[in-house]
Amino acid sequence: MLAGLHKSYGDVHAVAGVDLTIAPGEVVALLGPNGAGKSTTVDMLLGLTKPDAGTVTVFGASPNEAVARGTIGAMLQGGALLEDATVGEIVAMVASLHRSPMTVAEALRASGVDDLADRRCTKLSGGQKQRVRFAVALVSDPDLLVLDEPTAAMDVQSRREFWKSMHGFTNTGRTVLFATHYLEEAENYADRVVLMRAGRVVADGSVAEVTSLVAGRVIRAVVPGATEAALAALPGVTEIEVRANRAAISTGDSDATLRTLLSTYPQAHDIEVTAVGLEGAFLSLTSDNTAGADLS
Ligand SMILES: Nc1ncnc2c1ncn2[C@@H]1O[C@H](COP(=O)(O)OP(=O)(O)OP(=O)(O)O)[C@@H](O)[C@H]1O
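Residues numbered from 1 in each chain as written. Predicted model: local features only at pLDDT ≥ 70, side-chain atom pairs only at ≥ 80, totals over all residues. Heavy atoms only, no water.

**Q** Would you mind showing me how to read a nonpolar patch on the surface here?
**A** Together, Leu262, Ile271 and Val273 make up an exposed nonpolar region whose accessible area comes to about 210 Å². Take Leu262: it is sitting in helix α10 (residues 254-264). (Patch = residues over 30% accessible without salt bridge, like charges linked within 9 Å, V, L, I, M, F, W, Y side chains within 5 Å. Areas by Shrake-Rupley, 256 points an atom, 1.4 Å probe, with all protein chains shown as cover. Salt bridge = Lys/Arg side-chain N within 4 Å of Asp/Glu carboxyl O. Helix = DSSP H or I, 4+ residues; strand = E, 2+ residues; numbered from the N terminus.)

**Q** Looking at this model, I keep getting lost on the domain arrangement of the protein. Mind explaining?
**A** Bring the parts together and some accessible area is lost; that lost area is often taken as the interface size. Here the protein is partitioned into domain 1 (2-211) and domain 2 (215-275). Spacing between the C-alpha centres of domain 1 and domain 2 amounts to 43 Å. (Domains from an automatic or database assignment.)

**Q** Even after reading the chapter, I still don't get helix α5 (residues 126-138), so can you show me in this structure?
**A** Count 3.6 residues to each turn of an α-helix, and residues three or four apart come out pointing the same way. The end-to-end C-alpha distance of α5 is 19 Å, a good match for the 18 Å that 13 residues give at a rise of 1.5 Å each. All of the buried residues along α5 are Gly127, Gln130, Arg131, Val132, Arg133, Phe134, Ala135, Ala137 and Leu138. Residues of α5 that are buried sit in contact with β5 (72-75), α3 (87-96), α4 (104-110), β6 (144-148) and α6 (156-170). (Expected span 1.5 Å × (residues − 1). Buried < 20%, exposed > 50% of the residue type's maximum accessible area, 1.4 Å probe, protein only. Contact = heavy atoms within 4.5 Å.)

**Q** Mind showing me how you'd approach helix α1 (residues 38-45) here?
**A** The element α1 is extensively covered by neighbouring structure, given that 6 of its 8 residues are classed as buried. Every buried residue of α1 is accounted for by Lys38, Thr40, Thr41, Val42, Met44 and Leu45. Looking one or two residues past α1, Gly47 carries a phi angle of roughly 80 degrees, positive in sign.

**Q** Sorry if this is basic, but what is going on with the sheet that holds strand β2 (residues 12-20) here?
**A** Neighbouring strands of a sheet are bound in pairs by backbone hydrogen bonds; such pairs are parallel or else antiparallel. Pairing within the open sheet is antiparallel, and its 3 strands lie in the order β2-β1-β4. A strand with exactly one partner marks an edge of an open sheet, and here the two such strands are β2 and β4 (53-56). For this sheet the average axis-to-axis angle between neighbouring strands, irrespective of direction, equals 30 degrees. The sheet contacts of α1 involve β1 (2-9), β2 and β4, and relative to β1 the element is tilted by about 120 degrees. (Pairing = 2+ DSSP bridges. Axes fitted to C-alpha atoms, helices over the stretch in contact; angles between N-to-C directions.)

**Q** It is not clear to me how the packing of α5 against α6 should be interpreted in this structure. Could you clarify?
**A** In helix packing, the relevant descriptors are the interaxial angle and the interaxial distance, both defined with respect to the helix axes. Closest axis-to-axis distance for the α5/α6 pair is 12 Å, and the angle between their directions is 10 degrees. Here α5 is positioned roughly parallel relative to α6, judged by the angle of their axes. For the pair α5 and α6, the contacting residues are Arg131, Phe134 and Leu138 in the first and Ser158, Glu161, Phe162, Ser165, Met166 and Phe169 in the second. When grouped by side-chain class, the residues that make up the contact of α5 with α6 number 5 nonpolar, 2 polar and 2 charged. (Parallel < 35°, antiparallel > 145°, perpendicular 65-115°, else oblique. Nonpolar A, V, L, I, M, F, W, Y, C, P; charged D, E, K, R; others polar.)

**Q** Explain the pattern of salt bridges here, please?
**A** Two side chains with opposite charge may pair up if their charged atoms get near one another. The full count for this structure, using the stated rule, is 8 salt bridges. Where Arg243 meets Glu241, a salt bridge forms, and the shortest distance between an N and an O atom there is 2.6 Å. With relative accessibility at 39%, the residue Glu241 sits in the partly exposed group. Through salt bridges with shared partners, a single network forms among Glu26, Arg192 and Asp204.

**Q** Where do I start with the site of the ligand in this structure?
**A** Not every one of the 14 residues close to the ligand is listed here, only the nearest: Gly35, Lys38, Ser39, Thr40 and His181. Within the backbone of Ala36, a nitrogen or oxygen atom sits 3.1 Å from an oxygen atom of the ligand. Notes on the ligand: free accessible area 630 Å², of which the protein chains cover 61%. Only β2 and α1 provide two or more residues apiece to the shell around the ligand. Examining the composition of the shell around the ligand, we find that 3 residues originate from one element, α1, more than from any other. Residue composition of the shell around the ligand, grouped by class: 5 nonpolar, 7 polar and 2 charged. (Near = heavy atom within 4 Å. Polar contact = N/O pair within 3.5 Å; in protein donor to acceptor, adjacent residues only side chain to side chain.)

**Q** Explain the side chain of Ser140 here, please?
**A** Within the fold, Ser140 resides in the loop between α5 and β6. Its relative accessible area of 7% is what places Ser140 among the buried residues. One polar contact links the side chain of Ser140 to the main-chain carbonyl oxygen of Gly70, over a distance of 3.2 Å. What Ser140 contacts, discounting residues up to four positions off in sequence, is Gly70, Ile72, His98, Ser100 and Pro101.

The following block contains the structure:
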């Protein structure tokens, strides 16, 4: 779907060779630190930005054709809403631009704003505005929904409700690509995670696959008498962090590390071993000294 995409802004190579094929029905989370190139990728997918090189195909058509046919619905960061119109009027106006839209009532219900139909957009909270943008994205009854940080302005409760609405949409077998900074949203709602850094895809797979790219576990313990250098020399250790008197020992082989730790420092206590989660994988794979890893 996205092949060999490149986009530069002056000296900034915002997207530096992205290839991504998304199968119908997949729910894909696009993750990456600020400036990784997520929004630029989304903008090219929607035909809002022209790539310097590479191609974008959406269900066999160009992005502009797909948007015109209503096969893509998009919800962008801070997309403008007509201030003087009511929620119902805005959704109806967008519906009128499409050939086979949902009814306005359906779109409002599916995005959880049916009680706000008569409210003017100036009178909406940030989270409510996001849900109206969601209704606008849904009303064409798209096969692919593209969302750029959809829950950015929402509180915890609104986010939960938003994802409940989304679930109703994805249950019907539609495809979704969403960019997010909330790792738990990727963990909870995506079938697949695409992690970007500096304009490239550095990991692509299920949450379990991406997490397992960062081999290892973290052993936390109080180890009286041990120096940082001595702990770093234990087998399998990749990183050491000591805070107060507690060491966090990252390791690619927690069994070997722990065996040697206990035989060398039998006085070690308060020992905890935890797996590196998606957050650990995210931090490790997007840090400056990491080479790319692609599971696809
Ligand atoms: N219109 C533009 N003009 C100049 N530089 C741009 C433009 N749009 C994006 N960039 C630059 O391209 C790079 C990628 O930006 P992009 O917005 O795609 O990242 P992102 O991953 O979406 O970041 P964020 O998480 O902060 O939204 C950044 O360095 C950004 O400053």
